Amino acid sequence: MSRQQDERGVVLTAYTSNSEALPAISCKEQTEFLGASRKTGQYNVQRCKAAGAAPGSSSGKTPYQRCSSQDSLDEQAMVDYFKEVEIIQRSGDAETQEEVQLKVADEGEQEEAWLMEAGLATLFDESASDGEDSIALLSTLTRTQAAAVERRVETLKQTLRKRNKPYSVPDVREIFKPASQSKDEAESTERSGSSKQEVEGLGNGAGPDAPRGGADAETDINLEVSFSEQALTYKEGLKVTQPQNEADDRLPDFRVSQDKTGQTRVGDLSAEDMKKVRRLVLIEMSALFDTCGIEVKAHKALKVKVRESGLFGVSLSTLLEQDQRRIPGTKVPLILQHLMSHIEEQGLDTEGVLRIPGAATRVKAVCHELEHKFYEGVFPWQSLKQHDAASLLKLFIRELPYPLLTVEYFSAFISVLKLPTKKQQLQALNLLVLLLPEPNRDTLKALLEFFQRVTDHKDRNKMTLNNVAVVMAPNIFMCKGFRSKISEQQEFAMATGTANIVRLLVRYQNLLWTIPKFVLNQVRKHNMENQRKMHRDRAVKKLLKKMAYDRERASDKQEKNTEAEGGFIRVQAPQFSKVSMAVQLTEDLKASDVLTHFLSQERSPSVKREDLCLYEMGGNIKERCLDEETYITALLELNPSAEWVIKSVQH
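All of these numbers come straight from a predicted model, not from anything done at the bench.

As for the overall build of the protein chain
And step 1. Across its full length, the protein chain carries 24 helices and 17 strands.
And step 2. The proportion of buried residues among the 651 residues of the protein chain is 52%.
And step 3. Pairs at least 24 residues apart make up 77% of the contacts formed inside the protein chain by residues separated by at least 6 positions.

Given below as structure tokens:
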């Protein structure tokens with residue numbers, strides 16, 4: 001393909017491919033092939049001479065649709081991209097580790113794996129042990145989320161029928177059909193996210209009168225309404241088309257609307273509630289792509305033999321196990337931390353940092369030396385040149401035996417640019433980051449923060465956001481397995497696409513680790529459904545015992561509510577000398593005010609203010625570390641049974 005603009009534009013040569021290894025990137029403007037050379041890491045660039053007829057228009061070749069977001073990557077930036085590809089190819093003879101082969105899941109296999117990952121295995125396997133939990137999960141879904149589940153159940157059902165295999169997949173109409181229930185339970189289920197019902201804020205924290213689409217301003221990110229519901233509203237034409245932002249320097253300054261109940265970040269919730277978050281986010285991510293008509297085929301990784309120790313070519317989980325034996329609590333591989341710190345210590349004002357490669361033979365020698373001396377603490381860091389350290393950092397990412405963005409979600413990350421608006425692309429990236437395994441997510445976060453610090457010095461080091469994106473994209477996306485399977489056509493077609501994904505990750509990283517409020521509200525409802533079913537299904541003896549306990553709890557709760565109604569909340573601090581304290585409840589009381597009051601009352605505080613967090617515990621949430629801007633009165637309305645606990649936290 002080629003890229004054509006007006007007389008001031010750039011024509012970028014590249015190819016498209018019908019290969020299924022990775023999806024092509026959906027775009028908007030027509031281009032044609034002009035020629036390219038992969039071996040030299042170069043591509044042909046031509047200026048359009050005049051407006052009107054496009055160069056090469058008489059060739060008769062099929063036009064290629066390109067993303068307008070590609071316009072932000074200029075000619076020199078793409079030269080840097082292919083130079084980086086050439087460097088990677090030259091270093092290929094040193095790569096000896098067995099590669100992960102990317103394969104698309106068989107028909108039906110993907111749907112079965114998806115349902116299992118979403119915690120809905122009971123929908124195709126009656127022997128699954130999570131039946132009650134699945135019912136509770138289904139009761140929280142919005143219509144688009146419910147439609148995503150129905151679609152996969154129906155696809156699996158049809159696949160099993162084709163294979164003439166016995167199956168127990170229920171009719172999709174029965175999945176969301178209310179069973180015999182009490183009046184209150186029937187009303188609750190009636191409000192669940194059936195695909196045939198209107199969204200009335202169920203599972204998204206909004207009431208019937210809440211806006212059905214995104215936030216009013218195009219730069220506001222609405223976290224209270226399901227992203228897939230917002231996409232459906234957009235698709236139905238209820239909002240004006242959002243213009244695409246072309247120049248990198250003019251990327252929208254997206255912001256999250258203020259929420260009085262506080263923002264929730266990764267790490268703020270208990271492991272139990274995060275498991276529910278991940279299931280709901282998987283369903284929501286699939287619903288978002290489904291709503292936009294984008295099919296994402298997940299890849300599966302064959303089990304391969306990888307190194308069980310060392311630094312390079314070792315899985316993140318193995319690296320962290322090694323590191324945690326030395327420094328408990330390590331979340332990002334120590335070798336990566338040291339490389340980033342060394343590059344920064346040498347000064348981020350160095351021109352071309354990350355772009356200019358180190359000497360290949362020297363990098364190879366240093367790599368070998370690190371393998372033997374790093375954990376012994378005798379590696380001579382003072383002699384390591386900055387550009388060599390940058391090359392080692394990129395080598396570390398490339399040599400991971402499994403992609404940093406994971407095999408399972410590799411296609412989904414690449415498909416993000418098919419979404420029609422920047423806002424939807426950002427929302428999809430938010431969901432995908434939440435889906436990553438914890439080691440991958442923590443490592444990606446550390447890298448993105450480092451890349452941002454590099455671009456903060458762009459006036460001196462000449463590494464703008466675009467420059468960093470095009471240099472790092474091949475290292476992140478040309479992972480093992482992908483590197484040997486990708487064709488020339490795909491490489492060129494995806495060049496600007498992958499670079500754009502990296503720049504979005506870097507530019508909006510502060511938003512990507514936020515758990516949307518609508519997901520958290522679905523978790524709250526899920527917890528309440530589980531509690532309701534637990535109380536309903538206990539044996540009579542246990543139920544009577546529970547009722548006695550509930551009466552006692554009700555008395556305590558009444559006392560607690562009376563205290564709250566009287567204008568105070570009781571805050572516990574079991575880790576400290578002041579076990580509990582009463583805090584006056586006002587409309588303006590924030591979590592930060594509670595912490596300030598605690599420190600003023602604590603006689604000998606043993607921790608710093610930044611190491612303290614006020615937790616919301618119990619009620620409809622397991623535990624949640626509160627944003628300091630959380631208004632306590634607003635949160636009490638959302639979770640009236642919550643208790644308040646101050647604990648120290650590890651950063």
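Focus on the environment of Phe124
And step 1. Examined against the element boundaries, Phe124 turns out to sit in the loop between α2 (109-117) and α3 (131-138).
And step 2. Accessibility expressed as a relative area gives 14% for Phe124, which makes it buried.

Looking at the packing of helix α15 (residues 438-455) against helix α17 (residues 465-477)
And step 1. Close contact between α15 and α17 brings their axes to 9 Å; oriented N to C, the two are set at 135°. Classified by the angle their axes make, α15 and α17 are oblique. Judged by the sense of rotation from one axis to the other, the crossing of α15 with α17 is right-handed. Side by side, α15 and α17 meet where Phe451, Val454 and Thr455 of the first sit next to Leu465, Val468 and Met472 of the second.
And step 2. Broken down by class, the residue content of the contact of α15 with α17 amounts to 5 nonpolar, 1 polar and no charged.

Comments concerning the packing of helix α7 (residues 227-235) against helix α14 (residues 422-435)
And step 1. In the contact formed by α7 and α14, the axes pass within 11 Å of each other and the chain directions differ by 160°. Taken together, the axes of α7 and α14 lie roughly antiparallel to each other. When the axes of α7 and α14 are compared, the crossing they make is left-handed. Contacts between α7 and α14 involve Phe227, Gln230, Ala231 and Tyr234 from the former and Gln424, Gln427, Asn430 and Leu431 from the latter.
And step 2. Of the residues assigned to the contact of α7 with α14, the class counts are 4 nonpolar, 4 polar and no charged.

Focus: the side chain of Thr514
And step 1. Note that Thr514 resides in strand β12 (residues 514-515).
And step 2. A distance of 3.0 Å separates the side chain of Thr514 from the side chain of Arg265, its partner in a polar contact.
And step 3. Setting aside anything within four residues of it in sequence, one finds Thr514 in contact with Leu223, Gln263, Thr264, Arg265, Asn430 and Leu434.

Structural notes on the pairing of strand β14 (residues 580-584)
And step 1. Burial of the side chains of β14 is restricted to one face: Met581 and Val583 are buried, whereas none of Ser580, Ala582 and Gln584 on the reverse face is.
And step 2. Pairing of strand β13 (residues 568-572) with β14, which is carried by 5 bridges, proceeds in the antiparallel orientation. When the sheet's bridge partners are listed, Gln572 is paired in β14 with Ser580.

Description of the confidence of the model for the protein chain
And step 1. For the protein chain, the mean per-residue pLDDT works out to 76, and 66% of the residues sit at or above 70.
And step 2. Between the elements of the protein chain, mean pLDDT differs from a low of 33, seen in strand β2 (residues 29-31), to a high of 97, seen in α15.
And step 3. For residues 93-97, every residue scores under 50 in pLDDT, and the model assigns this stretch 9 contacts once sequence neighbours within four places are set aside.
And step 4. In this model, residues 178-216 is a region of pLDDT below 50 whose contacts with residues beyond four sequence positions or in other chains number 75 contacts.

Remarks on the sheet that holds β14
And step 1. With mixed pairing, 5 strands are arranged side by side in an open sheet as β14-β13-β17-β15-β16. Both edges of this open sheet fall to β14 and β16 (621-625), since each of them pairs with a single strand only. Strand-to-strand, the axes of this sheet are offset by a mean angle of 30°, without reference to chain direction.
And step 2. Summarising the sheet, β13 and strand β17 (residues 643-648) pair through 2 bridges and their orientation is parallel. Along β17, the bridge assignment pairs Gln572 with Val645.
And step 3. Contacts from helix α23 (residues 591-601) reach β13, β14, β15 (612-618) and β17, with the element oriented near 115° to β15.

A word on the nonpolar core
And step 1. Counting 124 residues, the largest nonpolar core has Leu370, Leu392 and Leu393 as the members making the most contacts within it.
And step 2. Dropping the residues within four chain positions of it, Leu392 is found in contact with Phe312, Leu339, Val363, Val366, Cys367, Leu370 and Leu384.
And step 3. Judged by nonpolar contacts, the second largest core, of 21 residues, contains Ala573, Met581, Leu585 and Leu612.

Some points on a negative patch on the surface
And step 1. The grouping of Glu587, Asp588, Asp593 and Glu637 at the surface amounts to a negative patch.
And step 2. Of note, Asp593 is situated in helix α23.
And step 3. A relative accessible area of 34% means that Asp593 is categorised as partly exposed.

Digging into the packing of aromatic side chains
In this description, an aromatic ring pair is defined by two values, namely the gap between the centres and the angle between the planes.
And step 1. Overall, the coordinates contain 9 aromatic pairs when judged by the stated rule.
And step 2. Judged by centre distance (5.1 Å) and plane angle (75°), the ring pair of Phe227 and Phe518 falls under edge-to-face. In this pair, Phe227 is assigned in helix α7 and Phe518 in helix α21 (residues 517-537), connecting sequence segments 291 residues apart.
And step 3. The exposure class of Phe227 is buried, given its relative accessible area of 0%.
And step 4. When the ring of Phe410 is compared with that of Phe477, the centres are 5.8 Å apart and the planes differ by 55°; the resulting orientation is tilted.

Re the state of the cysteines
In a disulfide, the sulfur atoms of two cysteines are held together by a covalent bond.
And step 1. For the structure on display, the rule yields 1 disulfide.
And step 2. Disulfide pairing is shown between Cys613 and Cys625; the S-S distance is 1.9 Å. Looking down the S-S bond of the Cys613 and Cys625 bridge, the torsion is 125°, so its handedness is right-handed. Placement of Cys613 in strand β15 and of Cys625 in strand β16 is noted, with a sequence separation of 12 residues between them. Neither residue differs from the other here; Cys613 and Cys625 are each classed as buried.

A look at unusual backbone geometry
And step 1. Although it is not a glycine, Thr406 sits at a positive phi angle of roughly 70°.
And step 2. With respect to the helices and strands, Thr406 occurs in the loop between α12 (386-399) and α13 (410-415).

Calculation rules
- Residues numbered from 1 in each chain as written.
- Predicted model: local features only at pLDDT ≥ 70, side-chain atom pairs only at ≥ 80, totals over all residues.
- Heavy atoms only, no water.
- Helix = DSSP H or I, 4+ residues; strand = E, 2+ residues; numbered from the N terminus.
- Buried < 20%, exposed > 50% of the residue type's maximum accessible area, 1.4 Å probe, protein only.
- Contact = heavy atoms within 4.5 Å.
- Axes fitted to C-alpha atoms, helices over the stretch in contact; angles between N-to-C directions.
- Parallel < 35°, antiparallel > 145°, perpendicular 65-115°, else oblique.
- Left-handed = near helix turned anticlockwise from the far one by under 90°.
- Nonpolar A, V, L, I, M, F, W, Y, C, P; charged D, E, K, R; others polar.
- Polar contact = N/O pair within 3.5 Å; in protein donor to acceptor, adjacent residues only side chain to side chain.
- Pairing = 2+ DSSP bridges.
- pLDDT = per-residue confidence, 0-100.
- Core = buried A, V, L, I, M, F, W, Y, C linked by side-chain atoms within 4.5 Å.
- Patch = residues over 30% accessible without salt bridge, like charges linked within 9 Å, V, L, I, M, F, W, Y side chains within 5 Å.
- Areas by Shrake-Rupley, 256 points an atom, 1.4 Å probe, with all protein chains shown as cover.
- Salt bridge = Lys/Arg side-chain N within 4 Å of Asp/Glu carboxyl O.
- Lys, Arg positive; Asp, Glu negative; His and termini not counted.
- Charge placed at Lys NZ, Arg CZ, Asp CG, Glu CD.
- Phe/Tyr/Trp six-rings, centres within 6.5 Å; stacked < 30°, edge-to-face > 60°.
- Disulfide = S-S within 2.5 Å.

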